[in-house]
Amino acid sequence: MPKTTPLSSDSRLYLVDGSAYIFRAFHALPPLTRKSDGMPIGAVSGFCNMLWKLLSDASNDAVEHIGTPTHFAVIFDHSGYSFRNDLYPDYKANRDEPPEDLRPQFSVIRDATRAFGLPCLEEEGFEADDLIATFARQAEEQGAEVVIVSSDKDLTQLVTDKVVMFDPMKNKVIDTDGVIEKFGVGPEKMIDLQALMGDSTDNVPGVPGIGPKTAATLLDEYGTLEELLERAGEIKQKKRRETIMENTEEARLSKELVTLRTDVGDLDDPAEFGLADFDHAQLIAFLEDMEFTTLTRRIREAGGIEAEAKPAGASSADGPIDTANYKTILEMNDLHAFIERAYEFGTLAVDTETDSLNAMRARLVGISLAAAPGDACYIPLLHGGDGLDLEGQATEPQLATGEVLEALEEIFTDPSVVKVGQNLKFDLVILANHGATLSPVDDTMLMSYVIECGAESHGMDELSKRYLDHEPIPFTELAGKGKNAKTFDQIPIKEAAAYAAEDADVTQRLGLKLKKRLVEEVMVSVYERIERPLVPVIANMEREGIKVDKAELARLSSEFAQKMAAFEDEAFEAAGEKFNLGSPKQIGEILFGNLGLPGGKKTKTGAWATGAEILEELAEQGHEVPRAILGWRQMSKLKSTYTDALAAAIHPETGRVHTSFSLASTHTGRLSSNDPNLQNIPIRTEEGRKIRKAFIPEKGNVIVSADYSQIELRLLAHIGDVPELKRAFADDIDVHSLTASEVFGVPLEEVDTDLRRSAKTINFGIIYGISAFGLSSRLGIERGRAADYINSYFEKFPGIRQYMDDTKALAKEQGYVETIFGRRSYITGIKASNPNMRGFAERQAINAPIQGTAADIVKRAMIRVPPALEEAGLRAKMLLQVHDELVLECPAKEADATCALVRDVMEKAPLPAREVSVPLKVEANAAKNWDEAH
């Protein structure tokens, strides 16, 4: 607990902006939940790590120029309301509510602060900044130095010769000179500067058009805000003069809003914030309850507290990680010796270092290997430039890429040595581009994905912290951030070697750990039969890419641009004036201000809401302007996101587009596509389908599209054991027509196109847990009628309701659901008190076994198609996987045989592991472009 120590000229008070810490911690880290109960703890984890680092650095005098604290306190906002809302009701009105998974962490973070033995302070009606200002002035009056731990510009007004700010993220001290350097004025003028420029984040109005540079110039000339306002008529620039004269009251109000209170009453005396002897045991107890293993270990070490002894026979993966032991290989003799040691261990960790994250455009800069835990090396290949020396000596010649890969060829392909990597697909593509092959392979990312899909993240750094209690060297520590970041070939070899070899060492250890976990969690079958064999298949697909017709894309871009112009003209004519169709503000003013259309709603910022739903509703009512805006938006998206972007994505050497498939990014096991995303090309509109026409084969070839028909409904029939649907699929009855007949009460033969379309919406909506509101919106009917349809659906298909109820109950009981192949999908938030959060989790639970099983079946088909084609002597290549569809390219003469073979393999994909009680059906067609083949 803190102790009372009078403040004096020898004292130094640290005041931490705790609320800013919370949001930095929350947004800096991926979502994290406590394994024991699913409670979100990501912000708590980040907060604790940041606070421990600050305390450690400050206590060890590691923070330059500000010194060791004698007193310390953490300050929080009490709530979203303060006295400023009475002055100006719209103050901070544009801020969104805190995310649902952050809210429950606020109180736990306050508990964390107390566990650190620090004062945890807040005051109703005031912001944290006001308390910081009050404590800072009190301490300064008593002769103490003050360090405000924050980068918030609102606090710069407090800086004096006794008060500084410290930004822990940048390890930067902000003193009077720092304020002047950044804002052009000293701390004493920061209130006036902020009053002029306003603050969009806090919704402080300021003076429109006055930015920080202009504000600083005006204050430099006129001295103070009041003087400026009184002499505004002297300003030479007409527009600036008129703007300031018109917004005098807004400027004065803004000054009142940004001025921090230094007289908040009934607060603790800062003398009570004295640092006491650190109670490591108290903090460790809290951290263990939170399940923060890495930070717990660090604090044990700092306090000299012994951890529980590890059981005998612990894996060598548990040994210490010391980057000083790694080798940089610059001679072939050293490489051959290393390879011999790798044969002895039987597993070789492999990682490539490149100058780009785009595998098809990257250069191979170096290779890191680990023969065993702790025995790792780095082989630099393409480092160059100034300062890339070893131990201060001139750079030694690096080995030639071809020579290194030739030496590694035997072990890279030896079936007795497993090559383990993290996201190994990337490395396979890089190495294959240099003529090298890895086989057989293991992937630690996919092991983790199979074990904890939906519960944890699967990046190497996160896995290292979770399983090895080790935090690897951050890449940004070597390369920097932003536009000035270095590529890997620009990093000195010595630094690069420590980083790269550590990655291989960590990956080797993770492979050992996660292999055991696969056995313990009974996930070996999912990993070995679905995920592991898919890695080389996806790597080959990425390298193949798909050809696009650049001329056709250019033509489509021109067509979409012309249609945008036509929609623009229609909108101008209907509105009676010109406006920017890309400006939500101008759209709102036209629709609801000028035209007075119904349904206008304003957001917290005071602007009209102009989202797609609002525009669609107005368009359905027959209003021309919103209809034209929607058309313009659609054409704009097609042009910018697809036709223009796809043309830019064509590889300069292959002439094809190479997407990257993410293997561990969804909750259900589905693949996702990015850079560019080829899975989201719209196909429900004529214009969207035109884009698929631009995907073409090489001369003499055709595109083959093989697509599962209604696979998710078929799997719902199987998993939910729904006899009505099973019979329909077995008898090849159109299931959407059957649903229409049952729900709408008409004979099957009288179901028309509109009824079938509505039934299709209901069928697929039910899988995703659609509500009456959602269905009413999609079908354009009243909510009560939509509710009747849903009730009728469950009456006709009671097995589906039973499946949904049973699945939700199972998810709540065990925390996860499973596909028919045993893949688990962990459902976070299934026990949440918040109904929206819980409802989302329940929908996830219902959908995951169905969509996840479909994903598993597609993956099993992808694994089987290439060897089946090879065995049949067919030359087709698999290019894309888009949800339930496989896209291939083959010689035109082999089209029929390829379609027949792929169809057969896909329909039999569940066997022999699982038999599905509903027949799977695949449509496979060949054509001169993707759209016509689909």
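Conventions and cut-offs
- Residues numbered from 1 in each chain as written.
- Predicted model: local features only at pLDDT ≥ 70, side-chain atom pairs only at ≥ 80, totals over all residues.
- Heavy atoms only, no water.
- Helix = DSSP H or I, 4+ residues; strand = E, 2+ residues; numbered from the N terminus.
- Rg over C-alpha atoms; globule rule 2.2 N^0.38 Å.
- Buried < 20%, exposed > 50% of the residue type's maximum accessible area, 1.4 Å probe, protein only.
- Contact = heavy atoms within 4.5 Å.
- Lys, Arg positive; Asp, Glu negative; His and termini not counted.
- Charge placed at Lys NZ, Arg CZ, Asp CG, Glu CD.
- Phe/Tyr/Trp six-rings, centres within 6.5 Å; stacked < 30°, edge-to-face > 60°.
- Lys NZ or Arg CZ within 6 Å of the ring centre and 35° of its normal.
- Polar contact = N/O pair within 3.5 Å; in protein donor to acceptor, adjacent residues only side chain to side chain.
- Salt bridge = Lys/Arg side-chain N within 4 Å of Asp/Glu carboxyl O.
- Core = buried A, V, L, I, M, F, W, Y, C linked by side-chain atoms within 4.5 Å.
- Axes fitted to C-alpha atoms, helices over the stretch in contact; angles between N-to-C directions.
- Parallel < 35°, antiparallel > 145°, perpendicular 65-115°, else oblique.
- Left-handed = near helix turned anticlockwise from the far one by under 90°.
- Nonpolar A, V, L, I, M, F, W, Y, C, P; charged D, E, K, R; others polar.
- Patch = residues over 30% accessible without salt bridge, like charges linked within 9 Å, V, L, I, M, F, W, Y side chains within 5 Å.
- Areas by Shrake-Rupley, 256 points an atom, 1.4 Å probe, with all protein chains shown as cover.

Chemist: Help me understand the overall build of the chain in this model?
Modeler: Across its full length, the chain holds 37 helices and 23 strands. Radius of gyration (C-alpha) of the chain: 32 Å, near the 30 Å computed for a compact globule of 934 residues. Taking the principal axes of its C-alpha atoms as reference, the chain extends roughly 90 × 80 × 55 Å. By the burial criterion, 53% of the 934 residues in the chain qualify as buried. For the chain, contacts bridging at least 24 residues in sequence account for 68% of all contacts bridging at least 6. Distance between charge centres in the chain, computed from 103 positive and 152 negative side chains, equals 5 Å.

Chemist: Can you help me understand the packing of aromatic side chains in this one?
Modeler: For any two aromatic rings, the description comes down to two numbers: the centre-to-centre distance and the angle of the planes. Counted by the stated rule, this structure contains 17 aromatic pairs. Ring centres of Y793 and F794 lie 6.0 Å apart, and the angle between their planes is 85°; this geometry places the pair in the edge-to-face category. Just as Y793 is buried, F794 falls in that class too. The ring of F794 carries the charged tip of R801 above its face, separated from the ring centre by 4.0 Å. The ring of Y816 carries the charged tip of R824 above its face, separated from the ring centre by 4.6 Å.

Chemist: Help me understand the side chain of Q508, please; the structure alone is not making it clear to me.
Modeler: Position of Q508 among the secondary structure elements: in helix 20 (residues 493–520). The class of Q508 is buried, set by a relative accessible area of 1%. At a separation of 3.0 Å, a polar atom in the side chain of Q508 contacts the main-chain carbonyl oxygen of T347. Every residue in contact with Q508, bar those within four places of it in the chain, is listed here: F345, T347, L348, A349, A370, A371, A372, P373 and V420.

Chemist: Looking at this structure, I do not really get the pattern of salt bridges. What am I missing?
Modeler: Where side chains of opposite charge bring their charged atoms close, a pairing between them can arise. Enumeration over the complete set of coordinates arrives at 58 salt bridges. The closest approach of N and O atoms between E127 and R84, which form a salt bridge, is 3.0 Å. Note that E127 is positioned in the loop between strand 3 (120–121) and helix 5 (128–141) and R84 in helix 3 (residues 83–87), a separation of 43 residues in sequence. Side by side, E127 and R84 carry an identical accessibility label, which is buried.

Chemist: Honestly, the nonpolar core in this entry has me stumped. Any pointers?
Modeler: Considering soluble globular proteins, one finds that nonpolar side chains tend to be buried as a cluster. Among the nonpolar cores identified, the biggest contains 171 residues, and L369, F412, F579, Y708 and I800 are the most heavily contacted of them. Here the element with the most residues in this core is helix 35 (residues 835–871); it accounts for 11 residues. Listed in part, the 49 residues of the second largest apolar core include I148, I174, V185 and L225.

Chemist: I'm lost on the packing of helix 23 (residues 550–575) against helix 27 (residues 686–693) in this one. Help?
Modeler: The packing of two helices is summarised by the inter-axis angle and the distance between the axes. Viewed as axis vectors pointing N to C, helix 23 and helix 27 meet at an angle of 165°, and their least axial separation amounts to 11 Å. On the basis of their axis angle, the class for helix 23 and helix 27 is roughly antiparallel. Classified by chirality, the crossing of helix 27 by helix 23 is left-handed. Each of L556, E559, F560 and K563 in helix 23 lies in contact with helix 27, whose residues at this interface are E687, K690 and I691. Residues that form the contact of helix 23 with helix 27 fall into these classes: 3 nonpolar, no polar and 4 charged.

Chemist: Even after reading the chapter, I still don't get the environment of I733, so can you show me in this structure?
Modeler: Tracing the sequence through the fold places I733 in the loop between helix 29 (723–730) and helix 30 (735–744). Separated by 243 residues in the primary sequence, I733 and Q490 place their C-alpha atoms 63 Å from one another. The residues touching I733, leaving out its near neighbours within four places in the chain, are A728, L738 and L748.

Chemist: Help me understand the environment of H71 in this model?
Modeler: Relative to the assigned elements, H71 resides in strand 2 (residues 71–75). When its relative accessible area of 1% is taken as the criterion, H71 is described as buried. Here the side chain of H71 touches T5 through a polar contact of 2.7 Å, landing on its backbone oxygen. Among the polar contacts listed, one links the side chain of H71 to the side chain of T70, at a separation of 2.7 Å.

Chemist: Whenever I open this one, a negative patch on the surface confuses me. Can you help?
Modeler: Judged by side-chain charge, E340, E344, E403, E406, E409 and E410 come together as a negatively charged surface patch. Breaking the negative patch down by element, the ones donating at least two residues are helix 14 (332–345) and helix 15 (401–413). Mapped onto the elements, E410 comes out in helix 15.

Chemist: Honestly, helix 17 (residues 444–452) in this entry has me stumped. Any pointers?
Modeler: Every α-helical turn comprises 3.6 residues, leaving residues that sit three or four positions apart pointing alike. Counting buried positions along helix 17 yields 9 of 9 residues, so the element is predominantly enclosed. Looking only at helix 17, the buried set comprises T444, M445, L446, M447, S448, Y449, V450, I451 and E452. Structurally, the start of helix 17 carries an N-cap: the backbone nitrogen of M445 is 2.9 Å from a side-chain oxygen of D443. Looking one or two places after helix 17, you find G454, whose phi comes out positive at around 90°.

Chemist: Teacher, can you tell me more about the packing of helix 24 (residues 584–594) against helix 26 (residues 624–648) here?
Modeler: For the pair helix 24 and helix 26, the least separation of the axes is 11 Å and the interaxial angle reads 160°. Between helix 24 and helix 26, the angle is such that the two are roughly antiparallel. Of the two elements, helix 24 crosses helix 26, and the hand of that crossing is left-handed. Residues I587, I590 and L591 of helix 24 form the contact with helix 26, whose participating residues are V625, P626, I629 and R633. Grouping the constituent residues of the contact of helix 24 with helix 26 by class yields 6 nonpolar, no polar and 1 charged.

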